[in-house]
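Here's the letter readout for the chains.
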Amino acid sequence: MTEKIKIMFNEDPNHHIGELAEARAYRGADFKITEQMEKEFVYQYQGTQLTDYLINVNFMCSVYPSRTRDSYAYKRGIRMENGKQVDYGENNEYYNIFIRDGLDLFAVWIRYFREIGVRPWLSFRMNDCHDSASETSFMQSNFFYDHPEYRRVRHHIADGYFARCFDYSIQAVRDDMLAYINESLERYDVDGIELDFMREMFCFAPGQEYAGIEIMNEYMRTIRNAVAHWEQVRGHKIFVGVKLFAIPHQVYYSGFDVFTWAKEHLIDVLVVGPRWETVDNDLPVEVWKKMMEPYGVQVGAALDLILRCHPHGEFYYLNTHETALGSCAQNLSAGADFTYLFNYMRPNAVDYTKQLNYPIYQEENYQMLLRNGGQLETAVNSPRRHIVTFHDIEPQWECWKLSHLPCTCEFPVTYTQVRVRCGFVPENTNVYLILGAQLCQSEEEIAFDSFDCYLNSVRVHCCGTCDISPYSKMKGYCFRIEDPAIVDLANVVEIGSTGAQKFEVEYVELRVGAEL
């Protein structure tokens, strides 16, 4: 690439169009979306570290009016679906924007992002299954309802959210997506496409994943050849990226031989990360980087928006700019080529919206993330918080979405080890270890000398308390790190109890340069 990726941003246009519908409801029926509004939307990213902007053009249906698959605009006029009567209403914002008002939202975005020096991409959700258990749904297509034989679980009743995903061993499924990719590249002149297999990465019938590896390899060759055709038409390079699970062996055994894709130069970019349930603060970035480096594939570390400290932790709370910058700093320190933001969509600055009440979306905080989260030197010098989370997705034959948290500490001591990624720490920076803890049978505070804790085999001492809500309702107990030099890229905290008090810990954080 002529310019290194710094921040790659995935925009969910359903979110954007929903905000426009809310603005219409607030301002009145005569409110009309204009190109100037969309220019203002794009220009909020000018001067940030955003270099690549991914427009997510489909779910099960197409967001833009499509020739090859059902679109949301099409839903305005239908009255029968899956053999049942439906009425999705006349006030269809997709129809209003793309057809009634003749505003091709994505073409406008592409033009203005290029104007501010950002590369536009198209992102394809390769196997989306939103609302797939419903007999009728605005989210679903006739192709889905008409072909139950194309689903990955058809040998018994559907047994979970991913059972109704399409089976990519079926030629018609592959052909349908390929036709849509070609149509999209014909309609939009972009610098890259992303194949988002995190929506969803369950693409083969149970037990057929290994046999699916060569099927998917050949499909990736077909897609790359299609992209090569559009490169000739457009007269410029079109990059190919993929988004996958975090753990390498899980990716491979799910049917995705990313190693062959890299070796054959079928991909230029690989993004790994969580699915949705939490930001993943223990991505094996170093491993992916070493595997992809010989082939020149750039590796991006994906951040989702939700932060959850363990699988049963408080839910649904969003990252702040400090927790998001913590993830950026630790991933870039570990060797990630760039930061990838998923679900960080912000509406037009001029629009009415309740969403701006979340701290992450407030202008100063949002800009701080986008101006610092894509380069190592700016990320590590930002106030940041590194909170232990967990891997939120795995193949269904594995069941290790586990965490050492919460853990119980009592005497005689059995230490619980928790790994905390942090990233580089500049000299003369305040660093704190924070534990979210409470006594097992009392609401009193834990005596500070009851903690027997170590960071990288060095004893640390509790020095006070702080608030760690909303991520934990427990009290935060703070340990000042007297010698920040002991803090490493990936730290091990050992937690034990010195005496009679028995307590539980559910939250572990390293706070770097951020206020308590």
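Up top you'll find the structure we're talking about.
So, a few notes on the structure that sits alongside this text. Since the model is a prediction, treat every value here as computed from it, not as a measurement.

The next point concerns the overall build of the protein chain. Scanning the protein chain from N- to C-terminus turns up 13 helices and 20 strands. On C-alpha atoms alone, the protein chain measures out to a radius of gyration of 24 Å, which is about the 24 Å that the 2.2 N^0.38 rule sets for 516 residues. Reported as C-alpha extents along the three principal axes, the dimensions of the protein chain are approximately 70 × 50 × 50 Å. In the protein chain, once contacts between residues fewer than 6 apart in sequence are set aside, the share between residues at least 24 apart is 79%. About 20,200 Å² of surface is accessible on the protein chain, with carbon and sulfur atoms providing 49% of the total. Mean positive and mean negative side-chain charge positions of the protein chain (48 and 73 charges, respectively) differ by 4 Å.

The full count for this structure, using the stated rule, is one cavity of 30 Å³ or more. Estimated volume of the largest cavity: approximately 40 Å³. Around the largest cavity, the lining residues are Ala 246, Ile 247, Gly 273, Pro 274, Asp 280, His 391, Asp 392 and Ile 393. Counted by class, the lining of the largest cavity contains four nonpolar, two polar and two charged residues.

Turning to helix H3 (residues 93-100), its buried residues number three or more, namely Glu 93, Tyr 94, Asn 96, Ile 97 and Phe 98. Two to three positions downstream of the cap, the backbone nitrogen of Tyr 94 sits 2.9 Å from a side-chain oxygen, assigning the N-cap of H3 to Asn 92. Gly 102 lies just past H3 and shows a positive phi near 65 degrees.

What counts, and where the lines are drawn
- Residues numbered from 1 in each chain as written.
- Predicted model: local features only at pLDDT ≥ 70, side-chain atom pairs only at ≥ 80, totals over all residues.
- Heavy atoms only, no water.
- Helix = DSSP H or I, 4+ residues; strand = E, 2+ residues; numbered from the N terminus.
- Rg over C-alpha atoms; globule rule 2.2 N^0.38 Å.
- Contact = heavy atoms within 4.5 Å.
- Areas by Shrake-Rupley, 256 points an atom, 1.4 Å probe, with all protein chains shown as cover.
- Lys, Arg positive; Asp, Glu negative; His and termini not counted.
- Charge placed at Lys NZ, Arg CZ, Asp CG, Glu CD.
- 1 Å grid on protein atoms, 1.4 Å probe; cavity = no way out; pocket = protein on both sides within 12 Å on 5 of 7 lines; lining within 4 Å.
- Points joined across faces, edges and corners; volume = space filled by probe spheres on them.
- Nonpolar A, V, L, I, M, F, W, Y, C, P; charged D, E, K, R; others polar.
- Buried < 20%, exposed > 50% of the residue type's maximum accessible area, 1.4 Å probe, protein only.
- Polar contact = N/O pair within 3.5 Å; in protein donor to acceptor, adjacent residues only side chain to side chain.

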